[in-house]
Structures are given as structure tokens and as C-alpha cells.
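Coordinate analysis (summary)
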Amino acid sequence: MTDKRIVTLQDISCFGKCSLTVALPVISAMGISCSVIPTAVLSTHTGGFENFTFKDLTDEIPKISDHWHETGLKFDGIYTGYLGSERQIAMVLDFIARFGKNAIKFVDPAMADDGRLYTGFDSDFVGAMRSLCAVADVVVPNVTEASMLLGVEYRHRGEHDEEYIKSLLRGMCGLGAPVAVITGVSYDGTSQGSVSYDSTTGIYESYFREQIPRQSHGTGDVFASSFFGALMLGRTLRDAMKIAVDFTIGSIKATEGDPTHWFGVKFEQCIPGLIESIK
Ligand code: PXL
């Protein structure tokens with residue numbers, strides 16, 4: 001058992017299975033205490049729904065931070081996910097400056113997939129996200145996010161090669177984080193997985209499973225939460241990737257036969273397996 005306590009800062013999409021409605025149950029199930037700072041409340045996520053509501057909570061961040069500072073709270077880890085604006089990223093940077101000294105700082109630059117930015121983001125936002133990646137200990141972009149953060153060519157799944165992925169990883173570490181992991185890597189179109197680089201040792205590692213054709217919302221958050229949880233439990237990068245990739249693939253498979261469930265994956269069905277995998 002562990003006594004680790006982390007805080008995650010990301011939106012709560014009330015329906016849709018991503019961000020906080022994934023991170024909180026997954027990290028808690030792994031036995032880690034998970035505090036939250038909801039950065040916005042949306043009626044649904046932005047991927048495929050129309051007319052969703054969006055209540056920005058940026059102004060709450062410094063207030064919560066001040067209260068926690070006065071209360072003397074401390075965290076072993078800080079995990080940032082989807083963030084809504086450049087101004088919000090600036091507040092998150094202030095929060096990290098205050099609470100990040102002895103915490104593992106984990107940044108998922110959740111802003112794009114399949115070669116495209118999510119609804120509502122532009123190149124200024126990408127620049128702000130780059131400055132957040134610079135203060136992280138571990139960054140976990142997908143291939144689209146890494147190529148945008150680095151301003152290099154984007155290559156589709158199945159068209160990646162080892163040198164391309166390694167150059168993305170070195171580039172991400174060049175922004176400031178000692179460790180980078182790229183998700184959604186596929187060299188041949190038949191397998192998919194993630195590749196890590198630890199710039200302090202120069203070691204690359206990877207973990208691959210079979211490719212599933214279905215594209216699913218929220219899988220980045222399923223991967224990031226379980227991967228960060230495993231790192232907080234002291235697992236190696238390679239073990240944490242295995243735990244997180246297996247959990248993510250299992251969640252996609254649990255959803256595969258159900259076309260009505262296009263908005264996210266049924267990760268809940270795989271939580272017992274996740275708990276088993278960390279025993
Ligand atoms: O899964 C990333 C994510 C988080 N939060 C919101 C989103 C998305 C992806 O589309 O729209 C609001």
C-alpha cells in the first residue's frame with residue numbers, strides 16, 4: 001500500500017468519459033489519494049458533441065491554491081491534463097511553482113489528435129502548452145501533440161518509424177522534461193503502443209500491443225491516469241507503460257462492439273484488471 005497523494009488539474013466534462021471523470025476513478029482505484037482542481041465544467045467533452053456548455057473556472061485556481069497554501073497541503077505528484085486557455089496555463093504554472101518543489105510533475109498536453117487540434121485551440125495555445133511542458137518531469141504527448149509542440153512534420157499511424165519517434169522524444173526532452181513518452185505509436189499499422197525516453201540515462205523503451213482500428217475519445221486520459229498512477233507506485237517506465245497500454249487496449253476492446261458508445265471507452269469494466277496488474 002502507498003500513502004502517496006497527488007493533485008490533478010483538468011476539466012470535468014460531465015458526460016463523455018475523459019479528463020476528471022477518468023483520472024479520479026482510475027488513480028483512486030490504484031490506491032493513490034487524488035485531489036482535484038476542476039479547471040472548467042463542460043456539459044460534455046468537445047469531441048463530437050454540439051452545443052456543449054463551458055464554464056471557465058480559471059479564477060478559482062489561485063483561490064484554491066491560496067487556501068491550500070495556508071492550510072499547508074503538500075503533494076507527491078501534480079498531473080495536468082486538458083486545460084482551456086493560455087491564461088489558465090499561466091495559473092497552472094503559478095500553482096506548480098508553489099506546490100511542485102518535491103512533487104513529480106506530470107504533463108499530458110491534451111490538445112490534439114489525428115493531426116488536428118481539438119475544437120477551440122490555436123497556435124498561441126500550443127505555445128503556452130510548450131511552456132508548461134518545460135517545467136514537467138514527465139511529458140506524455142501523442143504523436144500529433146509532439147509534432148505540434150516541436151513544429152515538425154506529423155505522420156499518421158502506420159507511417160511512423162523508429163528514427164521519427166526517437167527524434168520526437170529527444171525534442172520533447174529538449175523542451176525541458178527529463179522523461180518523455182509518446183503514445184499512439186504505430187510502425188506498421190498492425191501494432192500500436194508507446195515509446196519512452198529517459199534523457200538522464202539515454203535509454204529508450206517501448207511496449208506494443210495489437211492495433212485496434214477503432215478511434216476512441218478519452219483513451220489519452222485512460223493511458224495518462226494509469227501510467228501516472230503506476231509511476232507514483234514506483235514502477236519503472238517500461239512496467240508503467242505495460243500497465244497503462246494494457247488497460248487502455250482492454251478498455252477499447254470492452255467498447256468495440258457497441259457503436260452507441262462512440263463518446264468514450266468503458267474503462268470501468270477494466271478497473272479490476274488494472275488493480276490486478278499492480279499487485
Ligand atoms: O480527452 C481529452 C479531452 C478532455 N477534456 C475535454 C475534451 C477532450 C478531448 O476532446 O474535449 C473537454
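The structure contained in this document is the topic of the report that follows. Predicted model, so just to flag it, every value in this text is computed and none were measured.

Each value, and the rule that gives it
- Residues numbered from 1 in each chain as written.
- Predicted model: local features only at pLDDT ≥ 70, side-chain atom pairs only at ≥ 80, totals over all residues.
- Heavy atoms only, no water.
- Phe/Tyr/Trp six-rings, centres within 6.5 Å; stacked < 30°, edge-to-face > 60°.
- Buried < 20%, exposed > 50% of the residue type's maximum accessible area, 1.4 Å probe, protein only.
- Lys NZ or Arg CZ within 6 Å of the ring centre and 35° of its normal.
- Pairing = 2+ DSSP bridges.
- Helix = DSSP H or I, 4+ residues; strand = E, 2+ residues; numbered from the N terminus.
- Contact = heavy atoms within 4.5 Å.
- Axes fitted to C-alpha atoms, helices over the stretch in contact; angles between N-to-C directions.
- 1 Å grid on protein atoms, 1.4 Å probe; cavity = no way out; pocket = protein on both sides within 12 Å on 5 of 7 lines; lining within 4 Å.
- Points joined across faces, edges and corners; volume = space filled by probe spheres on them.
- Nonpolar A, V, L, I, M, F, W, Y, C, P; charged D, E, K, R; others polar.
- Near = heavy atom within 4 Å.
- Polar contact = N/O pair within 3.5 Å; in protein donor to acceptor, adjacent residues only side chain to side chain.
- Areas by Shrake-Rupley, 256 points an atom, 1.4 Å probe, with all protein chains shown as cover.
- Sits in = over half its atoms within 2 Å of the grid points.
- Parallel < 35°, antiparallel > 145°, perpendicular 65-115°, else oblique.
- Left-handed = near helix turned anticlockwise from the far one by under 90°.

Considering all chains together, one arrives at 18 aromatic pairs under this definition. Between Trp 262 and Phe 263, the ring centres sit 5.9 Å apart and the planes meet at 85 degrees, which makes this aromatic pair edge-to-face. A relative accessible area of 36% places Trp 262 in the partly exposed class. An aromatic cluster is present here, built from Tyr 79, Phe 106, Phe 223, Phe 227 and Phe 228 joined pairwise through their rings. Directly above the ring of Phe 75 sits Arg 5, whose terminal nitrogen or CZ lies 5.9 Å from the centroid. In this structure, Lys 166 is placed above the aromatic ring of Tyr 204, and the distance from its NZ or CZ to the ring centre is 4.7 Å.

Okay, the sheet that holds strand E8 (residues 138–139) next. With respect to topology, nine strands assemble into an open sheet ordered E3-E2-E1-E4-E5-E8-E9-E10-E11, the strand pairing being mixed. One side of each edge strand has no neighbouring strand; the edge strands of this open sheet are strand E3 (54–56) and strand E11 (203–210). The sheet contact formed by strand E9 (residues 179–185) and strand E10 (residues 191–198) spans five bridges and is antiparallel. In the sheet register, Val 185 faces E10, and the bridge partner there is Gly 193. Where helix H3 (residues 86–99) meets the sheet, its contacts fall on strand E1 (5–15), strand E2 (33–44), E3, strand E4 (77–80) and strand E5 (104–107), and the angle it forms with E4 comes to roughly 175 degrees. Sitting on the sheet, helix H7 (residues 219–232) is in contact with E1, E4, E5, E8, E9 and E10, with an inclination near 170 degrees to E4.

To continue, consider empty space enclosed by the protein. As enumerated under the stated definition, the model contains one cavity of 30 Å³ or more in all. Of the volumes computed, that of the largest cavity is approximately 50 Å³. In this structure, the largest cavity is lined by Asp 113, Asn 142, Val 143, Thr 144, Tyr 154, Arg 157, His 160, Thr 183 and Gly 184. Mapped by element, the contributors of at least two residues to the lining of the largest cavity are helix H5 (143–150) and E9. Of the residues contributing to the lining of the largest cavity, the split by class is two nonpolar, five polar and two charged.

We now examine the site of the ligand. All residues adjacent to the ligand are Asp 11, Ser 13, Cys 18, Ser 19, Leu 42, His 45, Thr 46, Tyr 82, Tyr 118 and Asp 221. Taking Asp 11, its side chain carries an N or O atom lying 2.8 Å from a nitrogen atom of the ligand. At 2.7 Å, a side-chain N or O of Thr 46 approaches an oxygen atom of the ligand. For the ligand, whose free accessible area comes to 320 Å², the fraction covered by protein is 96%. More than half of the atoms belonging to the ligand lie within 2 Å of the grid points that define the largest pocket. When the residues that make up the shell around the ligand are grouped by side-chain class, the tally is four nonpolar, four polar and two charged.

On to the packing of H5 against helix H6 (residues 162–174). Remark: H5 packs on H6, axes separated minimally by 10 Å, with the N-to-C direction vectors making an angle of 55 degrees. As the angle between them shows, H5 and H6 are arranged oblique. The two elements H5 and H6 meet at a crossing, and its hand is left-handed. Residue-level inspection shows Val 143, Ala 146, Ser 147, Leu 149 and Leu 150 of H5 in contact with H6, the latter providing Tyr 164, Ile 165, Leu 168, Gly 171 and Met 172. Grouping the constituent residues of the contact of H5 with H6 by class yields eight nonpolar, two polar and no charged.

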